[in-house]
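Observations on chain architecture
The residues making up each chain are set out below.
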Amino acid sequence: TPAQEEAKEEAPANDLITVGFSQVGAESDWRVANTNSMKETLSEANGFKLIFADAQQKQENQIKAVRDFISQEVDVIVIAPVTETGWETVLGEAKDAGIPVIIVDRMINVTDQSLYTCWVGSDFYQEGVDAVKWLTEYMNGLGRGSENLNVAVLQGTIGSSAEIGRTKGVRDELSKYSNYKIVLEQTGEFTQAKGQEVMESFLKSGEKIDILIAQNDNMAFGAIDALKAVGKVPAKDVIIVSFDAVKAAFESMIAGDMNVSVECNPLHGPRVAELAKAIMEGKTVEKIQYVEEGVYPAETAAEIMPQRQY
Ligand code: GYE
């Protein structure tokens with residue numbers, strides 16, 4: 001692209017910005033899209049040398065990776081943290097080494113805000129609220145708005161911002177309605193396999209389930225398989241509310257298996273590239289940056305699907 005050509009001219013090969021990126025893992029379609037976005041943008045053509053480390057969903061691996069980045073004297077460290085807590089020590093080491101840290105996607109929970117330079121990601125709490133706002137309107141539209149409705153929740157990785165925010169947003173918004181009740185809630189680790197397994201156990205529990213809220217699309221896909229396996233019709237017998245809005249979720253909605261997916265945008269690469277350049281030029285950057293997101297119900301899926309980038 002012309003932009004890449006321009007970047008190439010500006011950044012001679014010996015001037016590449018070295019970025020160490022500690023990624024959560026490859027647990028979901030969202031994650032794969034996030035990795036691709038980072039790899040595509042933090043390319044040599046754009047003036048970067050990217051060192052990529054996959055943590056396999058384990059924070060201890062991330063801490064090791066960050067220490068490696070420090071000893072390799074990278075210019076910038078980027079972390080998509082698995083969980084919010086447990087970052088003080090290693091970020092203190094990065095600070096002592098004078099290496100700026102950009103946090104992407106999930107947040108970290110530290111008292112000393114100088115331990116990272118900036119963060120870019122989603123408002124997970126708002127996503128949870130938006131999901132329930134959509135749900136309650138939808139149930140009203142079905143004429144079921146004042147029924148006693150049982151909700152099952154498949155949570156993401158416990159202690160991750162995406163889980164914490166969505167859980168709280170959903171609970172707070174649901175608490176406004178006395179007829180909605182969360183009867184089952186368990187983690188499916190954000191993976192399809194675990195989502196299916198936990199949904200199977202939800203179904204075996206004998207609880208009546210009217211609505212499933214899966215904290216990401218991949219767990220919803222697993223749950224949909226579990227429902228079909230016991231002869232239930234997903235999106236009808238059990239309303240399916242999900243998060244991320246990856247391409248496969250649009251396919252699932254078009255197939256009639258899912259009712260809604262609340263968007264979570266994984267395309268952080270361009271934003272991170274800009275931030276890394278600005279930081280290297282000594283500029284002050286905004287500390288907290290949220291990305292824009294929408295809500296995509298099944299009715300709009302066929303029309304919107306062709307425009308989706310991930
Ligand atoms: O929703 C899920 C992924 O942190 C926003 O992590 C991210 C979440 C995303 O595994 O699919």
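In what follows, the structure referred to is the one given above.
Residues numbered from 1 in each chain as written. Predicted model: local features only at pLDDT ≥ 70, side-chain atom pairs only at ≥ 80, totals over all residues. Heavy atoms only, no water.

**As for unusual backbone geometry**
In this structure, Gln57 takes a positive phi of about 65° despite not being glycine. Within the fold, Gln57 resides in the loop between strand 2 (48–54) and helix 3 (59–71). Backbone geometry places Ala235, a non-glycine residue, at a positive phi of 75°. Examined against the element boundaries, Ala235 turns out to sit in the loop between helix 8 (217–229) and strand 9 (239–244). Overall, the relative accessible area of 10% leaves Ala235 in the buried class. (Helix = DSSP H or I, 4+ residues; strand = E, 2+ residues; numbered from the N terminus. Buried < 20%, exposed > 50% of the residue type's maximum accessible area, 1.4 Å probe, protein only.)

**A few points about the environment of Lys64**
Tracing the sequence through the fold places Lys64 in helix 3. Overall, Lys64 belongs to the exposed group, its relative accessible area being 55%. Along the sequence, Lys64 and Ala53 sit eleven residues apart, while their C-alpha atoms lie 9.8 Å from each other.

**Let's talk about the sheet that holds strand 11 (residues 288–290)**
Working definition: the strands of a sheet are paired by backbone hydrogen bonds and lie parallel or antiparallel to each other. Strands sit in the order 2-1-3-4-5-11 across an open sheet of six strands; the sheet is parallel. The open sheet has two edge strands with one neighbour each: strand 2 and strand 11. Adjacent strand axes in the sheet meet at a mean angle of 15° when their direction is disregarded. Two elements, strand 1 (residues 17–23) and strand 2, share seven bridges in a ladder whose sense is parallel. Bridge assignment links Phe21 to a residue of strand 2, and that residue is Phe52. Seen against the sheet, helix 3 touches strand 1, strand 2 and strand 3 (76–79) and runs at an angle of roughly 170° to strand 1. (Pairing = 2+ DSSP bridges. Axes fitted to C-alpha atoms, helices over the stretch in contact; angles between N-to-C directions. Contact = heavy atoms within 4.5 Å.)

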